[in-house]
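# Summary of the model geometry
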Amino acid sequence: EDDEVRKAMSIVGGLGLEPSIRTTLWKAWVGFNLSHSLGVVAIGALIGIPVLRQGGIPLDDPFWMATALAAPWLYLVISIRYWFKQPTHAIGLASALITAGVLTDLAL
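No experiment lies behind these values; they were computed from the predicted model shown.

## Here's the deal with the overall build of the protein chain
The helix and strand tally for the protein chain stands at 4 helices and 2 strands. The helix and strand sequence of the protein chain, counted from the amino end, reads α-β-β-α-α-α. Out of the 108 residues belonging to the protein chain, those deemed buried represent 19%. Sequence separation of at least 24 residues holds for 28% of the intrachain contacts in the protein chain that already meet a minimum separation of 6. If you sum the accessible surface of the protein chain, you get close to 7800 Å²; carbon and sulfur atoms cover 70% of it.

Shown next, in the form of structure tokens:
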């Protein structure tokens with residue numbers, strides 16, 4: 001962490017939007033990262049909890065199927081576009097494994 005960058009980001013100001021906004025770029029950045037990380041955890045729970053409770057994939061739930069198949073691939077697109085390679089590789093692997101698991105259960 002570059003302490004000078006953190007200090008510069010910690011200056012109270014309007015973030016270039018509105019002078020009356022009383023926050024800092026640092027707080028906005030931390031909040032953005034926390035809120036978006038919470039989204040990943042929530043999607044993981046939405047997909048994982050029914051599997052853990054039922055001992056298998058809830059094939060009869062169209063909402064679950066759509067979420068389980070779409071969410072990881074959407075995160076992969078976001079990762080390719082905006083993030084760096086380590087999360088992209090992990091998200092790509094997770095997306096492929098989730099899809100393979102759903103398709104395997106559908107085939108059985």
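Back to the write-up after that little detour.
## Thoughts on the side chain of Thr-99
With respect to the helices, strands and loops of the structure, Thr-99 is situated in helix H4 (residues 85–107). Relative accessible area serves as the criterion here: at 17%, Thr-99 is assigned to the buried category.

## Section: helix H3 (residues 62–82)
Taking 1.5 Å per residue as the helical rise, H3 with its 21 residues ought to reach 30 Å, and the 30 Å between its terminal C-alpha atoms agrees with that figure. Among all positions in H3, only Trp-64, Met-65, Thr-67, Ala-68, Ala-71, Pro-72, Leu-76 and Ser-79 are buried. Backbone nitrogen of Phe-63 and a side-chain oxygen of the N-cap are separated by 3.1 Å at the start of H3; the cap is Asp-61.

The rules we used
Residues numbered from 1 in each chain as written. Predicted model: local features only at pLDDT ≥ 70, side-chain atom pairs only at ≥ 80, totals over all residues. Heavy atoms only, no water. Helix = DSSP H or I, 4+ residues; strand = E, 2+ residues; numbered from the N terminus. Buried < 20%, exposed > 50% of the residue type's maximum accessible area, 1.4 Å probe, protein only. Contact = heavy atoms within 4.5 Å. Areas by Shrake-Rupley, 256 points an atom, 1.4 Å probe, with all protein chains shown as cover. Expected span 1.5 Å × (residues − 1). Polar contact = N/O pair within 3.5 Å; in protein donor to acceptor, adjacent residues only side chain to side chain.

This is a description of form; function is not addressed.
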